[in-house]
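As a plain string of letters, each chain reads:
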Amino acid sequence: LFANEVEMRALAAAAATAVVAAPTPARLLLVSARRAAPRFGHCRASPFARLPRSACYASTTMGDETSTSASGSAQEPAAPAVQGAGSVKQQISNLVALSLRATVPEVDVEPIVEVCTGKFGDYQCNNAMGLWSKGKGSGTSFKNPNAIGQAIAKNLPACDVIESASVAGPGFVNIVLSKSWVAKRIQDMLVNGIKTWAPILPVKRVVLDFSSPNIAKEMHVGHLRSTIIGDTLARMFEFSNVEVLRRNHVGDWGTQFGMLIEFLFEKFPNWEELGSQAIGDLQVFYKASKQRFDEDAEFKDRAQQAVVRLQGGEEKYRAAWKKICEISRNEFDQVYKLLDVQLEEKGESFYNPYIPQVLEKLSSQGLIEESEGARVIFIQGHQIPLIVVKRDGGFNYASTDLAALWYRLNVEKAEWIIYVTDVGQQQHFDMFFKAARMAGWLPDPKEKKFPKTSHVGFGLVLGADGKRFRTRSTEVVRLGDLLDEAKSRSKSELLQRLTENGKIVDWTDEELEQTSKAVGYGAVKYADLKNNRLTNYTFSFDQMLSDKGNTAVYLQYAHARICSIIRKSNMDVEELKVSGNISLAHPDERVLGLYLIRYAEIVEEACTNLLPSVLCEYLYNLSEMFTRFYTNCQVVGSPEEPSRLLLCEATAVVMRQCFQLLGITPVYKL
């Protein structure tokens, strides 16, 4: 396809411009061209294949370190200054892919690009060692890995993204970004909006199954993690231009409804006239019916028959079931409103009609067998089978989950189905996913293809005693009560602070109420989300409402402080975005600017690994970097005030977007 090496390099340089600059359709054209020509290789460090972070490698042997100017290394024509779509890391990976193609055109290799944490570069290409291992003994012209690294650095297409590239040790290519390009990327974001920094993910439609409380049972602290972790994951995918189907798979179908309905009929024969008043407090009603169920065998028999009648569609039983669901749903909605969480309910009852046909398909494939009176699927690697039909002929979680997955794959056409539940359900999901693969619904995970499923497990919420978080009466903590307590404590501390500093006169009652909600609810969310979701965490109002350390309150103060700096400048920041220019001359300006533009790859990483804690870590680090910048770089009244105000504004914009993805309402004064 290429007459000589010069033609190949010229094509690489021209393609670099397209890769960095092009919107998505043009990128698709480039992908098509890659399929027709020898492959560039897909980026290993691109979405959903994140490698562990590594520090820059710096050789102590000066002779192995060679600096190459990207703008002066080329026979390739220079590319114009551009702003690309996707994360910076994605763009660097695209440029490295072009270099690798020019360096080793006979090898199909994926770029390995990592963020540098040292002083030798901003990003690092780590392909040289692997290429050397592959090429040894095959007549390669390269003498050692360092020589391969030198060639990769030399063949990086000339563009305004890269300022320089140097090679250290066994071929580690350290890439330094251009300060002017970083500054322009930030300014373009301020003009065009933070959405221009959305990462490009390889999926278009995701189902997120989260929260999922049981009807007739109140939401408690155990539902907190699933609800806010799921909501944050949904927000991150939505920011990344992925369609998210937020599903609330409530437990609205099962044996407990026979118990509740029969108890309702017994206590209130005229329940239809009384409506919701007949049931009253649903939690008290549930406990009373459960006690009767456990103690009265005759009532238990009637309750079991009520389940059969409900599932058979008898109108009287269906009407009672709907009323119970309605009361419970209203209680759930109050909590979701407090948390600002949006969900579409598709509970167990929705998928119930699909179960027979799904099980019939699995039976026709020979996957379902009879075992001790039940119908089961035997899963390799598990001693117990996956029961899909109980001995009494009833369906269970597995049969409902299989029907729901079939629906999500075939009707909703989801590419990635994500389930957010506690780690205690890991075995169930492992068996359930394996059964779906046995049926041919999902590819082998080793193939790294879509559609795919993931279980997002999380640990327990503990009390100060190290046990499950409960009230003094050993009851689970109601989620609504917990949120009210957080707001109350937040308001009390805010009033005390404002009274002590004499600023209480500047606040209206409405401002106090809204700020207390934002800070209190945000503190509860952040205290959960900042932890690795797989671990347990101890619930402590004192810690989460502290204004010191890695807390939402501290971050809210940091954001409010930036807003105060901008207000005190008396400059029109909106006008500055258009007429001003950002300069990154001071080292702390560059450090802050570089960290700002990494926002997209942080969101990408958090989506890849389904870890909201990655975003929390970034937000806290960003606030620390801003503090260092503000300490060392005078803003108001300095010759650099316009530029530094824009950096302040960019930091505030990114912090607000982080808050938004975490489901936290930012405050502008505290």
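Residues numbered from 1 in each chain as written. Predicted model: local features only at pLDDT ≥ 70, side-chain atom pairs only at ≥ 80, totals over all residues. Heavy atoms only, no water.

This is how it is decided: UniProt positions are given in the numbering used here, feature names are shortened, and annotations may be inferred rather than shown by experiment.
Labelled according to an unreviewed UniProt entry, the protein appears under the name arginine--tRNA ligase, originating from Aegilops tauschii subsp. strangulata. Per UniProt, the comment on the protein under Sequence similarities (unreviewed entry) is "Belongs to the class-I aminoacyl-tRNA synthetase family." Under the Catalytic activity (unreviewed entry) heading, UniProt states for the protein: "tRNA(Arg) + L-arginine + ATP = L-arginyl-tRNA(Arg) + AMP + diphosphate".

Side note on the overall build of the protein
To keep things clear, this is the line we draw: Here a strand is any run of E in DSSP of at least two residues, a helix any run of H or I of at least four, and the numbering for each starts at the N terminus. Here the term buried applies to any residue with accessible area under 20% of the maximum for its type, exposed to any over 50%, and partly exposed to those in between, with areas from a 1.4 Å probe on protein chains only. Between two residues, a contact is recorded if the distance between any of their heavy atoms is within 4.5 Å.
Looking only at helices and strands, one finds 26 helices and 15 strands in the protein. Counting over 670 residues, the protein shows a buried share of 54%. For the protein, the share of sequence-separated contacts (at least 6 apart) that also reach a separation of at least 24 residues comes to 77%.

Quick word on unusual backbone geometry
Going from Phe450 to Pro451, the amide bond is cis rather than trans, its omega being 0°. Checked against the element boundaries, Pro451 lands in the loop between helix 17 (426-438) and strand 13 (452-458). Positive phi, close to 55°, is recorded for Asp340, a residue that is not glycine. Structurally, Asp340 can be placed in the loop between helix 13 (315-339) and strand 8 (344-345). What makes Asp340 partly exposed here is its relative accessible area of 42%.

Notes on the packing of aromatic side chains
For the record, the criterion: A pair of aromatic rings is counted whenever rings of Phe, Tyr or Trp (Trp by its six-membered ring) have centres within 6.5 Å, and the orientation is called stacked for planes under 30 degrees apart, edge-to-face for over 60 and tilted otherwise. We call a charge positioned over a ring when the NZ of a Lys or the CZ of an Arg lies within 6 Å of the ring centre and within 35 degrees of the ring normal.
As enumerated under the stated definition, the model contains 27 aromatic pairs in all. Residues Tyr419 and Phe432 carry aromatic rings whose centres are separated by 5.9 Å and whose planes lie at 80° to one another, so their mutual orientation is edge-to-face. Here Tyr419, found in strand 12 (residues 416-422), pairs with Phe432, found in helix 17; they are 13 residues apart in sequence, far enough to count as distant. You'll find Tyr419 and Phe432 in the same group, each marked buried. Centre to centre, the rings of Tyr554 and Tyr620 are 6.0 Å apart; their planes meet at 55°, and the pair counts as tilted. Placement of Tyr554 in helix 21 (residues 552-569) and of Tyr620 in helix 25 (residues 612-632) is noted, with a sequence separation of 66 residues between them. By way of ring pairs, the aromatic residues Phe350, Tyr351, Tyr354, Trp406 and Tyr407 are connected into one cluster. Stacked on the ring of Phe350, the Lys or Arg Lys346 has its end atom at 5.0 Å from the ring centre. Sitting over the face of the ring of Trp416, Lys452 holds its NZ or CZ atom 4.2 Å from the ring centroid.

With respect to the side chain of Arg644
The condition that has to hold: Two N or O atoms form a polar contact when they lie within 3.5 Å of each other; inside protein one atom must be a possible hydrogen donor and the other a possible acceptor, and for residues adjacent in sequence the pair counts only when both atoms belong to side chains.
Within the fold, Arg644 resides in helix 26 (residues 641-661). One polar contact links the side chain of Arg644 to the main-chain carbonyl oxygen of Gln634, over a distance of 2.8 Å. If we skip the residues at most four places from it in the chain, Arg644 touches His586, Glu589, Phe629, Cys633, Gln634, Val635 and Ser638.

Observations concerning the sheet that holds strand 6 (residues 205-209)
The test is simple: Pairing between two strands requires that DSSP report at least two bridges joining them. Angles here are taken between N-to-C directions and fall from 0 to 180 degrees, while the axes themselves are lines fitted to C-alpha atoms, restricted in helices to the stretch in contact.
Taken together, five strands build an open sheet; the order of strands is 8-7-6-12-13 and the sheet is parallel. The open sheet is flanked by strand 8 and strand 13, the only strands paired with a single partner. One ladder, built from two bridges, connects strand 7 (residues 243-248) with strand 8; its direction is parallel. Counted as the bridge partner of Arg247 is Glu344 from strand 8. Its contacts with the sheet place helix 16 (residues 397-410) against strand 6, strand 7, strand 12 and strand 13, and it is angled at close to 145° to strand 12.

What to know about the environment of Gly663
Take Gly663: it is sitting in the segment after helix 26. Separated by 142 residues in sequence, Gly663 and Tyr521 have C-alpha atoms that sit 9.4 Å apart. Beyond its immediate stretch of four places on either side in the chain, Gly663 contacts Asp231, Arg235 and Lys525.

What to know about helix 17
Which entries qualify depends on this criterion: Expected span, for any helix, means 1.5 Å times one less than how many residues it has.
In this model, helix 17 (13 residues) spans 18 Å end to end at C-alpha, consistent with the 18 Å of a helix rising 1.5 Å per residue. Among the residues of helix 17, Phe429, Met431, Phe432, Phe433, Ala435 and Ala436 are the ones counted as buried. Elements that come into contact with the buried residues of helix 17 comprise strand 10 (374-377), strand 11 (386-389), helix 16, strand 12 and strand 13. Phi turns positive one or two residues past the end of helix 17, at Gly440, with a value near 85°.

Points about the pattern of salt bridges
Applied cut-off: By definition here, a salt bridge exists when the distance from a side-chain nitrogen of Lys or Arg to a carboxyl oxygen of Asp or Glu is within 4 Å.
Under the defined criterion, the tally for this structure stands at 40 salt bridges. A salt bridge links Glu370 to Arg375, with the shortest nitrogen-to-oxygen separation between them at 3.8 Å. For Glu370, a relative accessible area of 58% gives the class exposed. Judged by relative accessible area, Arg375 falls into the partly exposed class, the value being 26%. Of the charged contacts in the structure, one is a salt bridge between Lys577 and Glu574, with a shortest N-O distance of 3.0 Å. Remark: Glu574 and Lys577 occur in helix 22 (residues 573-579); sequence separation between them is three residues, near one turn of the helix. Note on Lys577: relative accessible area 11%, which makes it buried.

Quick notes on the side chain of Ser178
With respect to the helices, strands and loops of the structure, Ser178 is situated in the loop between strand 5 (172-177) and helix 6 (179-192). When its relative accessible area of 9% is taken as the criterion, Ser178 is described as buried. The residues touching Ser178, leaving out its near neighbours within four places in the chain, are Asp160, Val161, Ile162 and Glu163.

Considering the nonpolar core
Note the cut-off: The term nonpolar core refers to a set of buried residues drawn from Ala, Val, Leu, Ile, Met, Phe, Trp, Tyr and Cys, joined through side-chain atoms within 4.5 Å.
In this structure, Ile92, Leu177, Leu208, Phe237, Leu482, Tyr599 and Val654 are the most contacted members of the largest nonpolar core, which totals 161 residues. At twelve residues, the largest contribution of residues to this core is made by helix 26. With sequence-adjacent residues up to four places away left out, Leu482 is seen in contact with Val221, Phe469, Val477, Val524, Phe539 and Phe541. Judged by nonpolar contacts, the second largest core, of 34 residues, contains Leu367, Val388, Ala398 and Leu402.

Looking at the packing of helix 4 (residues 128-135) against helix 5 (residues 145-154)
In a pair of packed helices, the angle between the axes and the distance between the axes together describe the arrangement. The condition is simple: An angle below 35 degrees is read as roughly parallel, one above 145 as roughly antiparallel, one from 65 to 115 as roughly perpendicular, and any other as oblique. Note on convention: near helix rotated counterclockwise from far helix by under a right angle means a left-handed crossing. Clockwise means right-handed. Amino acid classes used here: Ala, Val, Leu, Ile, Met, Phe, Trp, Tyr, Cys and Pro are nonpolar; Asp, Glu, Lys and Arg are charged; the rest, including Gly, are polar.
Contact geometry of helix 4 with helix 5 gives a least axis separation of 8 Å together with a crossing angle of 125°. With respect to their mutual orientation, helix 4 and helix 5 come out oblique. For the pair helix 4 and helix 5, the crossing hand works out as right-handed. Facing helix 4, whose interface residues are Ala128, Met129, Leu131 and Trp132, helix 5 presents Pro145, Ile148, Gly149 and Ile152. For the contact of helix 4 with helix 5, the class distribution of residues is seven nonpolar, one polar and no charged.

Quick notes on the pairing of strand 4 (residues 162-168)
Taking burial as the measure, the seven residues of strand 4 include six buried ones, the bulk of the element. For strand 4 and strand 5, the ladder comprises six bridges, and the chain directions are antiparallel. The partner of Ile162 across the bridge, within strand 5, is Leu177. Between strand 4 and strand 5, which pair antiparallel and follow one another directly, the connecting turn spans three residues, one of which, Gly169, has a positive phi of 55°.

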